[in-house]
Amino acid sequence: MERIRGDGGRTRRREPEPEEWTDDEEYVEPLSAAEAAREGLRQVIELTGREPVGTTSLKSVRDGWLIGVEVIEDRRIPASTDLLGLYEVELDIDGALLGYRRVRRYQRGKGEVG
């Protein structure tokens, strides 16, 4: 399917003309940035069973989205010493999961270094 450049420099599929459709194909609108962020968060929760802190990053990549999601991996007292994990989720343009991985694990109060 042909790709065209849209606003903001991200690529989007053009909607196929009706005569281009086949009986076994259905056009699905690509995910918006907000939808991709929600889906990335949902995937990490489902895959890890961990409590989310939130989405930390979102990047449009060639054929989809790369989403950063922070989760609580181990609750501690005080909460400033909780162990957090930063996961990277890759979705295709339609929102299907391509992969995920934990990028970092760190103490809440010491998340950003350098």
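Scroll up a little and you will see the structure.
Residues numbered from 1 in each chain as written. Predicted model: local features only at pLDDT ≥ 70, side-chain atom pairs only at ≥ 80, totals over all residues. Heavy atoms only, no water.

Colleague: Teacher, can you tell me more about the pattern of salt bridges here?
Modeller: Here the idea is simple: oppositely charged side chains can pair when their charged atoms come close. On inspection of all chains with the given rule, the structure shows nine salt bridges. In this structure, Asp82 and Arg108 form a salt bridge, with 3.0 Å as the shortest nitrogen-oxygen distance. Taken together, the residues Asp82 in the loop between strand 4 (64-74) and strand 5 (83-92) and Arg108 in the segment after strand 6 (97-107) connect sequence positions 26 residues apart. Overall, the relative accessible area of 0% leaves Asp82 in the buried class. Bridged by salt links that share partners, the residues Glu51, Arg75, Asp82 and Arg108 form one connected network. (Salt bridge = Lys/Arg side-chain N within 4 Å of Asp/Glu carboxyl O. Helix = DSSP H or I, 4+ residues; strand = E, 2+ residues; numbered from the N terminus. Buried < 20%, exposed > 50% of the residue type's maximum accessible area, 1.4 Å probe, protein only.)

Colleague: Help me out: how do you make sense of the environment of Asp74 in this one?
Modeller: Looking at the element boundaries, Asp74 is found in strand 4. Using a relative accessible area of 31% as the deciding quantity, one classes Asp74 as partly exposed. Taking the C-alpha atoms as reference, Asp74 lies 9.4 Å from Gln107; in sequence the two are 33 residues apart. Residues within four places of Asp74 in sequence aside, it is in contact with Asp82 and Leu83. A distance of 3.2 Å separates the side chain of Asp74 from the side chain of Arg76, its partner in a polar contact. (Contact = heavy atoms within 4.5 Å. Polar contact = N/O pair within 3.5 Å; in protein donor to acceptor, adjacent residues only side chain to side chain.)

Colleague: For this particular structure, what's the right way to read the sheet that holds strand 6?
Modeller: As a general point, the strands of a sheet are linked pairwise by backbone hydrogen bonds and lie either parallel or antiparallel. Strand order across the open sheet formed by four strands is 3-4-5-6, with antiparallel pairing between neighbours. Looking at strand neighbours, the two that pair on one side only are strand 3 (51-61) and strand 6, the edges of this open sheet. The average undirected angle you get between the axes of adjacent strands in this sheet is 20 degrees. Its contacts with the sheet put helix 1 (residues 33-48) on strand 3, strand 4, strand 5 and strand 6, and the angle it makes with strand 4 is roughly 40 degrees. (Pairing = 2+ DSSP bridges. Axes fitted to C-alpha atoms, helices over the stretch in contact; angles between N-to-C directions.)

Colleague: Even after reading the chapter, I still don't get the nonpolar core, so can you show me in this structure?
Modeller: Considering soluble globular proteins, one finds that nonpolar side chains tend to be buried as a cluster. Ranked by size, the top nonpolar core spans 10 residues in total: Leu31, Ala36, Val44, Trp65, Ile67, Val69, Val71, Tyr87, Val89 and Leu91. Within the residue set of this core, elements represented by two or more residues are helix 1, strand 4 and strand 5. Per-element accounting of this core gives the leading share, four residues, to strand 4. Aside from chain neighbours lying at most four places away, what touches Val44 is Gly49, Val69, Val71, Tyr87 and Val89. (Core = buried A, V, L, I, M, F, W, Y, C linked by side-chain atoms within 4.5 Å.)

Read these as geometric descriptors, not functional statements.
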